[in-house]
Each structure stands twice: as C-alpha cells, then as structure tokens.
Amino acid sequence: MKQAKIILLRHGQCEGGSILRGKTDVALTDLGLTNMHQSAAKLGLLGCLPSLQLYSSPLVRCHAFAAELAQQLNQVSADLALQVEIMSQLQEIDFGLWDGKSFAELYQHSAKALDAYWDNPWEHGAPQAEPMAEFEQRVAQAFAQITLQAYNLAEAHTAEANSAKATASATALVVTHGGVIRHIIALVLGLERCKGLYGQLNIDYAATVTIDVFWPEADDKSTKPVYRLNWNN
C-alpha cells in the first residue's frame, strides 16, 4: 500500500485589522509569522526530508512564510533544493465589492446580505464576487494535483523501501487560507454544499489539518485514494 500525508496550514494573523480578506493582499503581522513558525515546528518537517513538497497560495500572507520556511529547511543540508510551488488555485475566494472592507462597515451597510452569504454562499453570493461553485472547482483541481504529485513521491518512496534505501514518507505542506481548507475538508469527507463548514466551523490563524492518503497496493494513480482526516491541536 502506498501512502502519503498532506498537511494544510492556514496563514497567521494579518495586518489591516478585522477586515474580510479574500483577494486583498496583506502581509502577516509579526505575531502571525511567529505563530506560523510555531505551528510548523510541531509538524516535524525535518523528519520528512527529503520527501517533502511545499505548496502555497500566491498571496503574500501565505507565500512569504512558505519561502522563508523553504530557505530554513534548505540550510539543513547542502544537497537540498526545496522549492515552493505557487498555485493560484489555492488563493482565498474573491469577495468582490466586500473584499478588504471592515466587518464593522459591512454589517453597518449590508448586514442582511452578509448573514445570508454565511448561511448559504452558494445561493447568496457577494456582489461582483467569485461564485462559490467556481471557487470550489479550482480548489478541487489544486487538491487533485497535489494528491497526484504525492502519489508520485509515495511511489518513489515505495521503490526505495523495496531496495532498502527508504527515506521519510511522502509529505506535502500546503500553506493556504481558511476557505480553501474548508473546501478540502468537504472533499475529503464527501460533503457537498455543507453550510456548517462556512458558518459554524472555526479555523484559527496558523491552524493545521493533516490528511493521510492511502492507495491500495494493486491500484495505480488513476484510482481514487482513501483519505483520513486528522484535526491537529
């Protein structure tokens, strides 16, 4: 059986205060960056080398940390040349005219519309925003690509294990956003249009979610993998 691990890491606290961040590109605060490093330190990524892949949203609150992490890991060995793969599909949903506005302003002028959006974002989209269906489609494409590349790495690891040259198991770290993580959770659990993931599920800054991925030994990469979701502290 081939197996791999996909770890989702949400960005940390950002500059700009209490605003609705979608495509709005804002930097991390010092605390946000520190918390992300603390979360990453708990993951034991050094033990995943050299079988580690890094992916990131193109927004600075994600890729700035991912690039810094890759640089730190590369200092462990002169043989490492870990690169961050930037994937546009991993960026947060575009909230349209609401994007970048403070929650205070939004609730002052658009309270009913905002509540309706959180209750059912598929039916009540934000004005001039990215439709939820399109957002979910691009996130699903990104997750499928990451899973496929994890399979390829797991396959190489299996070959090394069979030749008694085993390295660490295949691991992918994905630095992204709350909305993206919610939809990946939905994909793993087989949920469609699950309102609770957006209205009731809290994903803290710098939170991590780990997904174990399994492929039965007789199957190939075209076979749907089996997922197991682990909620990390």
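Because the structure is predicted, anything quoted here is derived from the model rather than measured.

Thresholds applied
Residues numbered from 1 in each chain as written. Predicted model: local features only at pLDDT ≥ 70, side-chain atom pairs only at ≥ 80, totals over all residues. Heavy atoms only, no water. Pairing = 2+ DSSP bridges. Helix = DSSP H or I, 4+ residues; strand = E, 2+ residues; numbered from the N terminus. Axes fitted to C-alpha atoms, helices over the stretch in contact; angles between N-to-C directions. Buried < 20%, exposed > 50% of the residue type's maximum accessible area, 1.4 Å probe, protein only. Contact = heavy atoms within 4.5 Å.

### With respect to the sheet that holds strand 2 (residues 52-56)
Link 1 in the chain: With mixed pairing, six strands are arranged side by side in an open sheet as 3-2-4-1-5-6. The sheet terminates laterally at strand 3 (84-86) and strand 6 (226-231), the two strands that pair on one side only. This sheet shows a mean twist of 20° between the axes of neighbouring strands, independent of strand direction.
Link 2 in the chain: Pairing of strand 1 (residues 2-10) with strand 5 (residues 208-215), which is carried by eight bridges, proceeds in the antiparallel orientation. Its bridge partner being in strand 5, Leu-8 is matched across the sheet by Val-209.

### With respect to the environment of Leu-52
Link 1 in the chain: Of note, Leu-52 is situated in strand 2.
Link 2 in the chain: Judged by its relative accessible area of 4%, Leu-52 falls in the buried class.
Link 3 in the chain: The residues contacting Leu-52, other than those within four sequence positions of it, are Leu-45, Leu-73, Leu-82, Leu-153, Thr-171 and Leu-173.

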